Amino acid sequence: MNCIIVEDDQMARASLESMCKKIDDLEVVGSFDNGLDALKLIKSEPVDLILLDIQMPDFSGLDLIKSLDKKPQIIFTTGHAEYAVEAFEHRVTDFLTKPVELARLLKAIDHARENLSMSPSEEMSELFLKVDGRYVRLNLDDVLYVESLGDYVSFRTMTDKYIVHSTLKNIDDKIKNKKFLKVHRSFVVNLSKVVDIEETNMVIHDKVIPISRAHRPVLMNRIKTI
């Protein structure tokens with residue numbers, strides 16, 4: 001995976017370069033202290049991922065992504081958390097606040113790697129759920145949402161409810177389908193089934209589902225708005 005770093009702070013840029021060297025499949029093909037030089041490289045060479053500061057003089061990180069016709073995976077790295085909502089409106093991969101820690105960077109790059117590797121034909125379309133000693137085939141398109149019930153989770157469809165022994169984290173990790181998103185510690189939802197979204201909740205069929213503050217920016221990044 002080819003990556004460039006765009007960061008005007010020399011120490012922060014050096015820190016990112018050092019961490020990127022520890023990631024085997026990541027090759028840093030450019031490191032820049034300004035967005036204009038980065039833009040020249042992006043237009044001349046293929047780039048999979050940009051680690052991008054937001055607040056830079058003359059040409060900000062937001063200016064840079066607005067200048068791109070085809071956006072690579074973008075991970076914002078910034079000391080200004082107030083930019084999170086605007087950043088996710090541009091459908092970025094992740095948003096990291098400085099000082100960036102290696103564990104958090106690894107998680108963001110995993111997300112970018114998954115986005116790059118997953119094509120629609122490779123997405124999961126079904127699951128087999130172990131219910132009462134038998135395995136039931138469940139079409140993911142039929143699922144409205146998945147709800148945590150302590151040591152169990154409930155898969156809800158328009159007509160049925162299937163309860164299995166598992167954790168929501170385990171289910172969220174296993175469902176490889178871009179329609180599904182965790183919006184709260186207790187809910188993973190099928191975005192294609194959402195009726196409407198408010199500040200702190202959404203409606204799917206007849207169910208009002210809470211949206212946590214931490215998950216809302218990611219949600220707004222995933223849906224198309226006008």
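Our subject in this report is the structure included herewith.

Calculation rules
Residues numbered from 1 in each chain as written. Predicted model: local features only at pLDDT ≥ 70, side-chain atom pairs only at ≥ 80, totals over all residues. Heavy atoms only, no water. Helix = DSSP H or I, 4+ residues; strand = E, 2+ residues; numbered from the N terminus. Buried < 20%, exposed > 50% of the residue type's maximum accessible area, 1.4 Å probe, protein only. Contact = heavy atoms within 4.5 Å. Arc of directions from axis to C-beta. Patch = residues over 30% accessible without salt bridge, like charges linked within 9 Å, V, L, I, M, F, W, Y side chains within 5 Å. Areas by Shrake-Rupley, 256 points an atom, 1.4 Å probe, with all protein chains shown as cover. Salt bridge = Lys/Arg side-chain N within 4 Å of Asp/Glu carboxyl O. Pairing = 2+ DSSP bridges. Axes fitted to C-alpha atoms, helices over the stretch in contact; angles between N-to-C directions.

**Things to note about the environment of P210**
Part 1 of the argument: Within the secondary structure, P210 is located in strand β15 (residues 207–210).
Part 2 of the argument: P210 sits in the partly exposed class, given a relative accessible area of 28%.
Part 3 of the argument: For the pair P210 and M56, spaced 154 residues apart in sequence, the C-alpha separation works out to 36 Å.
Part 4 of the argument: In this structure, P210 is in contact with V183, H184, F187, T200 and N201, ignoring residues within four places of it in sequence.

**With respect to helix α1 (residues 10–20)**
Because each turn of an α-helix spans 3.6 residues, side chains separated by three or four positions end up pointing in the same direction.
Part 1 of the argument: Of all the positions in α1, only A12, R13, L16, M19 and C20 are classed as buried. Along the axis of α1, the buried residues cluster in a sector spanning 130°; they form a single face. What points out from α1, more than 90 degrees from its buried face, is the exposed set Q10 and M11.
Part 2 of the argument: Buried-residue contacts for α1 involve β1 (2–6), β2 (27–32), β3 (49–52), β4 (73–78) and α5 (102–117).

**Some details on a nonpolar patch on the surface**
Part 1 of the argument: Taken together, the side chains of L149, Y152 and I163 present a nonpolar region at the surface, about 260 Å² in accessible area.
Part 2 of the argument: Along the chain, I163 turns up in strand β10 (residues 161–165).

**Here we look at the sheet that holds strand β13 (residues 194–197)**
Part 1 of the argument: Ordered in space as β13-β14-β15, the three strands form an open sheet in which the pairing is antiparallel. Among the strands making up the open sheet, the edge pair consists of β13 and β15. For this sheet the average axis-to-axis angle between neighbouring strands, irrespective of direction, equals 25°.
Part 2 of the argument: The pairing of strand β14 (residues 201–204) with β15 spans four bridges and is antiparallel. By the bridge assignment for β15, N201 is matched with P210.

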